[in-house]
Amino acid sequence: MLPELPVELTDFKPEIGLILGSGLGFFADDRIDVIGRLPYDAIEGFPISTVEGHAGQFVYGDLNGQRVLCMQGRFHFYEGYRMDQLTLPVRMMHQLGVQDLCVTNAAGGINPCYVPGDFMLIHDHMNFLGTNPLIGPSVDGELRFPDMSEVYDKSLRHQIRDWARTQDISLQEGIYLATTGPSFETPAEIRAFATLGADAVGMSTVPEAIVARQLGMRVVGISCITNAAAGISSGPLTHAEVAQTADRVRLQFADLLAGVIALI
Ligand code: HPA
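Since the structure is predicted, the reported quantities are computational estimates derived from the model, not experimental observations. Numbers given to residues run from 1 along each chain, matching the order in which its sequence is written. In keeping with the predicted nature of the model, local features appear solely for residues at pLDDT of at least 70, side-chain atom pairs appear and are counted solely at 80 or more, and the whole-chain, interface and lining totals rest on all residues. Side-chain numbers come from the whole structure's heavy atoms, not from hydrogens or water.

In this section: the site of the ligand. What surrounds the ligand is the set A106, A107, G108, F184, E185, V201, G202, M203, T226, N227, L237 and V242. N or O atoms within 3.5 Å of each other form a polar contact, as long as, within protein, one can give a hydrogen and the other can take it, and as long as residues adjacent in sequence are counted only when both atoms are side-chain atoms. At a separation of 3.3 Å, a nitrogen atom of the ligand approaches a polar backbone atom of G108. At a separation of 2.7 Å, a nitrogen atom of the ligand approaches a polar side-chain atom of N227. Across the complex, the protein chains shield 95% of the 260 Å² of accessible surface that the ligand would expose by itself. Segments assigned H or I by DSSP are reported as helices when at least four residues long, segments assigned E as strands when at least two residues long, and all are numbered from the N terminus. For the shell around the ligand, the elements supplying multiple residues, two or more each, are β5 (100-109), β8 (200-202) and β9 (218-228). Per-element accounting of the shell around the ligand gives the leading share, three residues, to β5. We call a residue near a molecule or strand when any one of its heavy atoms sits within 4 Å of it. Shrake-Rupley sampling with a 1.4 Å probe provides the accessible areas, and residues are treated as covered by the protein chains on show and by no other component.

Here is the structure:
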C-alpha cells in the first residue's frame, strides 16, 4: 500500500524523477531551483535512510523549465529494508505522474578501461541481489512478467551519447551489476563478474529500475565510477574513497546530469 501522496508533491506535479546516489546528493542543491524539500520522515509509512552521506529527503524544483523531483538519499537493501519498501518511492513518483526516471549511483569499476572519476551510462544491468522487487502477490493492472529486454531507454541512450560527444564529457557505457553489499566484493567475485560481462558493480539502482519499467516509466541510469573494484585497485576499499571521488568530480557530474535531464 502506498502512503497517502503528500499534498506538496501532488501540487508540484513532477515530470521527472531523479534518484541521487551516494555522494551525489549535492546535485539537488547545486543545480535545482528548489521549490521545496520534504524529509522522508515527514511522510507517514515511508522508510528512513540510514546511510552516511544520504540526507533522506525529497528536493523538488525546476531545472531548465522541467519539474524535477529528486531523492536526496535512497534506500538500500543492505540497510535491511524489504524490496517493496526500498522501491516505494518509485511507485510514489509514478502515482505523482512521473514518466521518466533518472537513476544515479556510485559504483566500482570492473572494466579495466575505467578509471575513478569516469561516468558510465548504464546500458543494461545484472541483478545479483538474490531477489526481485516484484516478488509478491500479483497486483491488478500490473504485469506479472514484465519485459526487461530494454530497461534503460535505448533512444535516450543514443541521444545522451551523441550529446556527451559534443561536450567535454567522457562517458563510458556499460553493464551495471548489483550486489547486496554492504561488504565490498572479493577480488574473486570481481573476476567472476568481469567474466560475466559486468563493467561496474554497486549496491543499488536495479530494484528501482525494475519497478519503474514494470510501471512503464522510461529509465536512464548513470554511474559515477568512484573506485576500481576489489582486486583491480591496489589497496583496500573504503566508503571514504567513494565519497571523495564523487566530490572530486562534482562539477562534471552535475554538468552531465543536467545535460541528461535536458534530453529527457
Ligand atoms: N562495490 C560495490 N559498490 C560500490 C563500489 C564497489 O566497489 N563503489 C561504490 N559503490
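A few words on the pattern of salt bridges. As a working rule, side chains carrying opposite charge can pair if their charged atoms are close by. Salt bridges, as used here, are contacts in which a Lys or Arg side-chain nitrogen is within 4 Å of a carboxyl oxygen on Asp or Glu. For the structure shown, the criterion picks out twelve salt bridges. The partner of E208 in a salt bridge is R74, and the shortest N-O contact between them spans 2.7 Å. With E208 in helix α7 (residues 206-214) and R74 in the loop between β4 (66-72) and α3 (83-86), this residue pair connects regions lying 134 residues apart in the sequence. Using a relative accessible area of 2% as the deciding quantity, one classes E208 as buried. Think of it in three bands: residues with accessible area under 20% of the maximum for their type are buried, residues over 50% are exposed, and the middle band is partly exposed, with areas taken using a 1.4 Å probe on protein chains only.

A separate point is helix α5 (residues 154-166). For an α-helix the count is 3.6 residues per turn, leaving residues at separations of three or four pointing the same way. With 13 residues, α5 extends 19 Å between its outermost C-alpha atoms, agreeing within 8% with the 18 Å of an ideal straight helix rising 1.5 Å per residue. Considered for burial, the residues of α5 that qualify are L156, R157, I160, W163 and A164. Seen end-on, α5 carries its buried residues on one side only, within an arc spanning 135°. Projecting away from the buried face of α5 at angles above 90 degrees are the exposed residues R165 and T166. At its buried positions, α5 is contacted by β6 (119-127), β7 (171-178), β9 and α9 (250-263). A distance of 3.4 Å separates the backbone nitrogen of S155 from a side-chain oxygen at the start of α5, and that oxygen is part of D153. Multiplying 1.5 Å by the residue count of a helix minus one yields the expected span of that helix. The arc refers to the directions leading from the helix axis to the C-beta atoms. Residues count as neighbours in contact if any of their non-hydrogen atoms are within 4.5 Å of one another.

Residues apart from glycine generally show negative phi values, whereas peptide bonds are mostly found in trans. Of note, the bond from G181 into P182 is cis; its omega dihedral lies within 30 degrees of zero at 0°. As for its placement among the helices and strands, P182 is situated in the loop between β7 and α6 (187-196). Phi is positive for K13, which is not a glycine, with a value near 55°. Mapped onto the fold, K13 is located in the loop between α1 (7-12) and β1 (16-20).

We now examine the packing of aromatic side chains. Side-chain rings of Phe, Tyr and Trp, where Trp is taken by its six-membered ring, are said to pair if the distance between their centres is within 6.5 Å; with planes under 30 degrees apart they count as stacked, over 60 as edge-to-face, and otherwise as tilted. Taken as a whole, this structure holds ten aromatic pairs when the rule is applied. Note on Y40 and F58: the rings are 5.3 Å apart at their centroids and 80° apart in plane angle, and the pair reads as edge-to-face. On the criterion of sequence distance, the pair formed by Y40 in the loop between β2 (33-39) and β3 (57-63) and F58 in strand β3 is long-range, its members being 18 residues apart. Look at Y40 and you get buried, because its relative accessible area is 1%. Take F58: its relative accessible area is 1%, and that puts it in the buried class. What links up through ring pairs into an aromatic cluster is the set Y40, F46, F58, F75 and Y81.

This part covers the nonpolar core. Counting 43 residues, the largest nonpolar core has L9, F46, F58, M93, L101 and M217 as its most contacted members. Ranked by residues supplied to this core, first place goes to α7 with five residues. Those residues in contact with L9 that lie beyond four places of it in its chain are P14, L38, F58, Y60, L69, M92 and L96. Residue types Ala, Val, Leu, Ile, Met, Phe, Trp, Tyr and Cys, when buried and joined through side-chain atoms within 4.5 Å, form a set referred to as a nonpolar core. Counting residues in hydrophobic clusters, the runner-up holds 33 residues, among them L20, L24, W163 and I261.

To continue, consider the environment of S234. Relative to the elements of secondary structure, S234 occurs in the loop between β9 and α8 (239-248). Taking relative accessible area as the criterion, S234 reaches 84% and is therefore assigned exposed. Spatially, the C-alpha atom of S234 lies 50 Å from that of D11, the residues being 223 residues apart in sequence.

Judged by how many residues are buried, β5 sits mostly within the fold: ten of ten residues are covered. When DSSP finds two or more bridges between two strands, those strands count as paired. Taken together, the four bridges between β1 and β5 define a ladder with parallel strand orientation. Paired with G17 across the strands is L101, a residue of β5. Note: β5 against β9, ten bridges, orientation parallel. From the neighbouring strand, D100 faces β9, where its bridge partner is R218. As defined by bridge partners, β5 adjoins β8 across two bridges and the pair is classed as antiparallel. Bridge pairing links G109 to A200 in β8.

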